[in-house]
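Here is how the chains run, residue by residue.
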Amino acid sequence: MSASYTMLIPFLPMYLVRELGVSQSEVTMWSGVVFSVTFLIGGIMAPVWGKMADTHGKKPMAIRSGLGLALSYLLGGMVTSPEQMVGVRVLQGFAAGLWSVCLAIATSSVPVGKLGMSLGILQSGLTAGNVIGPLIGGVLASMFGMRTSFYLGGAVLFMITLVFWFYIPEPPGSKASKEEAANEPATALLKNAPIREALICSGIVQMVILLIQPIISLYVEKLYHGTDNIIFVAGLVFSLVGIASAMTAPFWGRFGQNRGFYLSLALSSVCAGVVMIMQSVPSSLLLFAALNFTVGLFFAGIQPSISAILANKTERTQRGRVFGMLFSAQQFGSMVGPLIGGLIASFLPMNSLFVIGGCILILIAAFIYNRHRGEALNI
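A few points on the structure. (Residues numbered from 1 in each chain as written. Predicted model: local features only at pLDDT ≥ 70, side-chain atom pairs only at ≥ 80, totals over all residues. Heavy atoms only, no water.)

Brief notes about the nonpolar core
And step 1. Of all hydrophobic cores here, the largest spans 90 residues; its most connected members are Met85, Leu310 and Leu361.
And step 2. At 13 residues, the largest contribution of residues to this core is made by helix α10 (residues 193-223).
And step 3. Other than its neighbours up to four places away in sequence, Leu310 contacts Ile195, Ala198, Leu199, Val322, Phe323 and Leu326.
And step 4. Counting residues in hydrophobic clusters, the runner-up holds 5 residues, among them Ala249, Phe255, Leu263 and Ala300. (Core = buried A, V, L, I, M, F, W, Y, C linked by side-chain atoms within 4.5 Å. Buried < 20%, exposed > 50% of the residue type's maximum accessible area, 1.4 Å probe, protein only. Helix = DSSP H or I, 4+ residues; strand = E, 2+ residues; numbered from the N terminus. Contact = heavy atoms within 4.5 Å.)

Description of helix α16 (residues 352-371)
And step 1. The terminal C-alpha atoms of α16 lie 29 Å apart, and with 20 residues this matches the ideal 28 Å at 1.5 Å per residue to within 8%.
And step 2. Taken as a whole, α16 has its buried residues at Ser352, Leu353, Phe354, Gly357, Gly358, Leu361, Ile364, Ala365 and Ile368. (Expected span 1.5 Å × (residues − 1).)

What about helix α8 (residues 146-167)?
And step 1. Compared with an ideal rise of 1.5 Å per residue, which puts 22 residues at 32 Å, α8 spans 32 Å between its outermost C-alpha atoms and is within 8% of the ideal.
And step 2. If you follow the buried residues of α8, they end up packed against α1 (2-6), α2 (12-18), α4 (58-76), α5 (82-95), α6 (98-109) and α7 (115-144).

Observations regarding the packing of aromatic side chains
And step 1. Applying the stated criterion across every chain yields a total of 7 aromatic pairs.
And step 2. Here Trp165 and Phe166 contribute two aromatic rings whose centre-to-centre distance is 6.2 Å and whose plane-to-plane angle is 20°, an arrangement assigned as stacked.
And step 3. Here Trp165 falls in the partly exposed class, since its relative accessible area comes to 44%.
And step 4. Taking the centre distance of 5.7 Å and the plane angle of 80° together, the rings of Phe288 and Phe354 count as edge-to-face. Linking Phe288 in helix α13 (residues 285-299) with Phe354 in helix α16, this pair joins segments that are 66 residues apart in sequence. Both residues of the pair, Phe288 and Phe354, count as buried. (Phe/Tyr/Trp six-rings, centres within 6.5 Å; stacked < 30°, edge-to-face > 60°.)

Here we look at the layout of surface pockets
And step 1. Approximately 200 Å³ is the volume found for the second largest pocket.
And step 2. If you trace the second largest pocket, you find it lined by Met1, Ser2, Leu98, Trp99, Cys102, Ile121, Leu122, Gly125, Leu126, Ile160 and Phe164.
And step 3. For the lining of the second largest pocket, the secondary structure elements donating two or more residues are α6, α7 and α8.
And step 4. Top contributing element to the lining of the second largest pocket by residue count: α7, with 4 residues.
And step 5. Residues that form the lining of the second largest pocket fall into these classes: 9 nonpolar, 2 polar and no charged. (1 Å grid on protein atoms, 1.4 Å probe; cavity = no way out; pocket = protein on both sides within 12 Å on 5 of 7 lines; lining within 4 Å. Points joined across faces, edges and corners; volume = space filled by probe spheres on them. Nonpolar A, V, L, I, M, F, W, Y, C, P; charged D, E, K, R; others polar.)

If you want it as structure tokens, here you go:
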């Protein structure tokens, strides 16, 4: 799922120019609209789909999302204007939610004692897809054209939908009664302080990630003293975070299961924050790449810990709603991050973004540790 997404997203601006006739002077504006509209619609709709998953079943919502995404990818390969592409991205926003449903199904299906490891494996699969997606998309685009990538992504998502349809069962005891669902608003879980805090932390972490991502290639170009293969070098350095995260996500899941998910969240956040601040220092690309790999080792523990905390704080009949809200928080963080990053980079040096992002992560760790010290220390 994540590979089918990431093999298209990095090339969307190029797609707008080469295939849809957008001029260089307007590509920034159209790219911003095309990227942001999916995050906006997806963030608004996620709690609604989550409540429907709890009421009507999580498997039907997975099938709905998979079919909708597959259709939007197919249409994305057929569009002939930027306005049509915006419409396709609106459809993607309405269809979004497959990842949150995967989390709801997984956490409702596995034993409590294996929750951390299961979420770690899921996160590992997600980050591995994030790494290989751009590589696959780049090869396909160079050999067969960018439209082929859309068609292949749609075909893969349709296959995923068939797997859900025929092979993945509805988790037992995970449906809420219609009376219970009718009497409880979709956002009622926000009254629970630990759930509210976890959602806010997830949104802020996603904002920090998107604060940095847009300038990574520019920062690499600044540190890279050659002129050959700059795109390849930037892509390689960018992918190191995902490679490291895919390697260590199961470890963090096991660590959280054994030592407590609040401790794993605080520890991974503070370590990621310290390393991110260190990334602002190097004048060597090799050292920066090593630090980029290292920060990925710690980022891998943040989101699985948050997901496990949310699962432990809710009943199985509420998992669709809580993970829908998690997806919504991440979508809004993804939307805000690049805007804030671009604003800061307009007034301060690029390396200041690493310092600001690192400090935010350290503050998150301090907040979590102070608020949940007893659980973090297994007291």
